[in-house]
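Structural characterization, general
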Amino acid sequence: MHKKNPPKVAIVMPAYYAAKTLERTLRDIPPGSYADLILVDDASKDGTFELAKKLGIYSVRHEKNTGYGGNQKNCYRLALDRGADIVVMLHPDYQYDAKLIPYMTGLIQEGICDMILGSRIRTRHEALKGGMPLYKYLMNRLLTLTENMILGIAVSETHTGFRAYHRSVLEMVTFERNSDDFLFDQQFIIQAVHHKFRIGEIPVPTRYFSEASSISFKRSVVYGLGTLWALVRFILHQLRLVKYSLLEPKAFPQGSA
């Protein structure tokens, strides 16, 4: 009887001005927890791309900034093209604890979940003590509660940038149609729910500090309104009143016969 080969885990890092935190992030990734490491630099001018190459990371650099969502699109395409079975998105800004990667991929490998979110909201005290601004905490809680109610899921945070996916999720979801900005992540969750993928989560420490990426209050408001509008479109699509193109499956999922 042949032993089944373990799945190929790829870690993708959408990078933007991450030269000061990349090495710290890399040091925390457990040895043997991945087979492929991919960094896509979104036209940074601080030496992020050069450092990544020096550290031996497979790296690609955008000549023009494509945005947070646009960067992810390229990350996932590269991971799929390079044969990943499980894809982990890890920000190289040291905001998320990379030591938790084996737990995230394990839940997917064991067939328990198709998609894992790393939640920073275990308790209000812990989130605020970790540096999360109060207005972001309140907006996070309100939007997450709204998404849970509308989407029929039960997670403590939907606004995390630490995620893991089974290949089948990326092959089905039309993420290429999503926003090139921060709304990408919320659209992806809506798509995953629509296609009935199993979403789970694990707790991760909250880390907010000057070198970690974050968006301004104004952009947070725009992001929040965009999330609510995406949920409205999801409801209208479910009621068959309006067609939401983001919820269509890919015509020919990669890897299909």
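What comes next is a walk through the structure. Residue positions are counted from 1 within each chain, in the order its sequence is given. In view of the model being predicted, local features appear only for residues whose pLDDT reaches at least 70, and side-chain atom pairs are presented and counted only at 80 or more, with totals across whole chains, interfaces and linings using the full set of residues. Processing note: side-chain calculations cover all non-hydrogen atoms of the structure and skip hydrogens and water entirely.

We count a salt bridge whenever a side-chain nitrogen from Lys or Arg sits within 4 Å of a carboxyl oxygen from Asp or Glu. This model, assessed by the stated rule, comprises 14 salt bridges. Taking the shortest distance from any N to any O, the salt bridge between Asp-97 and Lys-99 comes out at 3.2 Å. As a salt-bridge pair, Arg-120 and Glu-157 come within 2.4 Å of each other at their nearest N and O atoms. With a gap of 37 residues between them, Arg-120 in the loop between strand 5 (115-119) and helix 5 (124-129) and Glu-157 in the loop between helix 6 (134-151) and strand 6 (163-166) connect regions that are remote in the sequence. By the burial criterion, Arg-120 is buried, and Glu-157 matches it. Because the salt bridges share partners, they merge into one network encompassing Asp-28, Asp-97 and Lys-99. Put simply, DSSP marks the helices as runs of H or I at least four residues long and the strands as runs of E at least two long, and each gets a number from the N terminus on. Burial here depends on accessible area, computed with a 1.4 Å probe over protein chains only, as a share of the maximum for the residue type. Under 20% is buried, over 50% is exposed, and the range in between is partly exposed.

Let's shift gears to the sheet that holds strand 7 (residues 199-203). Spatially, the seven strands line up as an open sheet ordered 3-2-1-4-6-5-7, and their pairing is mixed. Looking at the sheet topology across the chains shown, the edges are occupied by strand 3 (58-61) and strand 7. Averaged over all pairs of adjacent strands, the angle between strand axes in this sheet comes to 20 degrees, irrespective of strand direction. Pairing between two strands requires that DSSP report at least two bridges joining them. Inspection of the sheet shows strand 5 paired to strand 7 by five bridges, in the parallel sense. Pairing of Leu-117 across the sheet is with Glu-201, part of strand 7. Residue contacts follow a heavy-atom distance rule, with two residues in contact if any of their heavy atoms lie within 4.5 Å. Note on geometry: axes are lines fitted to C-alpha atoms, helical ones only across the stretch in contact, with angles between N-to-C directions running from 0 to 180 degrees. Its contacts with the sheet place helix 3 (residues 67-81) against strand 1 (9-15), strand 2 (36-41), strand 3, strand 4 (86-89) and strand 6, and it is angled at close to 155 degrees to strand 1.

As a further point, take the environment of Leu-90. Mapped onto the elements, Leu-90 comes out in the loop between strand 4 and helix 4 (101-109). In this view, Leu-90 contacts Ile-11, Val-12, Met-13, Pro-14, Thr-25, Ile-29, Tyr-96, Ala-98, Ile-101 and Phe-162; residues no more than four positions away in its chain are not counted.

Looking at where Leu-143 falls in the secondary structure, it is placed in helix 6. If near-sequence neighbours (up to four positions away) are discounted, Leu-143 is found in contact with His-159, Gly-224, Thr-227 and Leu-228.

Counting buried residues in helix 8 (residues 184-194) gives ten out of eleven residues, a clear majority hidden from the surface. Listed in full, the buried residues belonging to helix 8 are Phe-184, Asp-185, Gln-186, Gln-187, Phe-188, Ile-189, Ile-190, Gln-191, Ala-192 and Val-193. Lys-196 sits one or two positions beyond helix 8 and adopts a positive phi of about 65 degrees.

Patch membership needs two things, relative accessible area over 30% and no salt bridge, and members are linked within 9 Å if like-charged or within 5 Å if nonpolar (Val, Leu, Ile, Met, Phe, Trp, Tyr). Accessible surface area values rest on a Shrake-Rupley calculation with a 1.4 Å probe, where residue burial reflects the displayed protein chains alone. Residues Leu-145, Met-149, Ile-150, Ile-235, Leu-239, Leu-241 and Val-242 make up a contiguous nonpolar surface patch of roughly 680 Å² in combined accessible area. Residue contributions to the nonpolar patch peak at three residues, all from helix 6. With respect to the helices and strands, Val-242 occurs in the segment after helix 9 (217-238). Here Val-242 falls in the partly exposed class, since its relative accessible area comes to 42%.

A word on the side chain of Asp-41. Inspection of the secondary structure assignment puts Asp-41 in strand 2. Note on Asp-41: relative accessible area 0%, which makes it buried. Reaching out from Asp-41, the side chain makes a polar contact with the side chain of Ser-44 at a distance of 2.5 Å. Residues contacting Asp-41, with those up to four places away along its chain left out, are Ala-15, Thr-48, Phe-49, Val-60, Arg-61, His-62 and Asn-71. Identification of polar contacts relies on pairs of N or O atoms within 3.5 Å, with a donor-acceptor requirement for protein atoms, meaning one able to donate a hydrogen and the other able to accept it, and with residues adjacent in sequence counted only if both atoms are side-chain atoms.

With that settled, consider the packing of helix 6 against helix 9. Running from N to C, helix 6 and helix 9 point in directions that differ by 5 degrees, and their axes come no closer than 11 Å. With respect to their mutual orientation, helix 6 and helix 9 come out roughly parallel. Where helix 6 approaches helix 9, its residues Tyr-135, Lys-136, Met-139, Leu-143, Thr-146, Glu-147, Ile-150 and Leu-151 are matched on the opposing element by Phe-217, Ser-220, Val-221, Gly-224, Thr-227, Leu-228, Leu-231, Phe-234 and Ile-235. When residue character is reported, Ala, Val, Leu, Ile, Met, Phe, Trp, Tyr, Cys and Pro are called nonpolar, Asp, Glu, Lys and Arg charged, and the others, Gly included, polar. For the contact of helix 6 with helix 9, the class distribution of residues is eleven nonpolar, four polar and two charged. With respect to orientation, any angle under 35 degrees is reported as roughly parallel, any angle over 145 as roughly antiparallel, any angle of 65 to 115 as roughly perpendicular, and every other angle as oblique.

Burial of strand 5 is extensive: five of the five residues sit out of reach of the surface. Every second residue of strand 5 is oriented toward a common face, with Met-115, Leu-117 and Ser-119 on one face and Ile-116 and Gly-118 on the other, all of them buried. In this sheet, strand 6 lies alongside strand 5 in antiparallel orientation, the contact comprising three bridges. Across the sheet, Leu-117 pairs through a bridge with Arg-163, a residue of strand 6.

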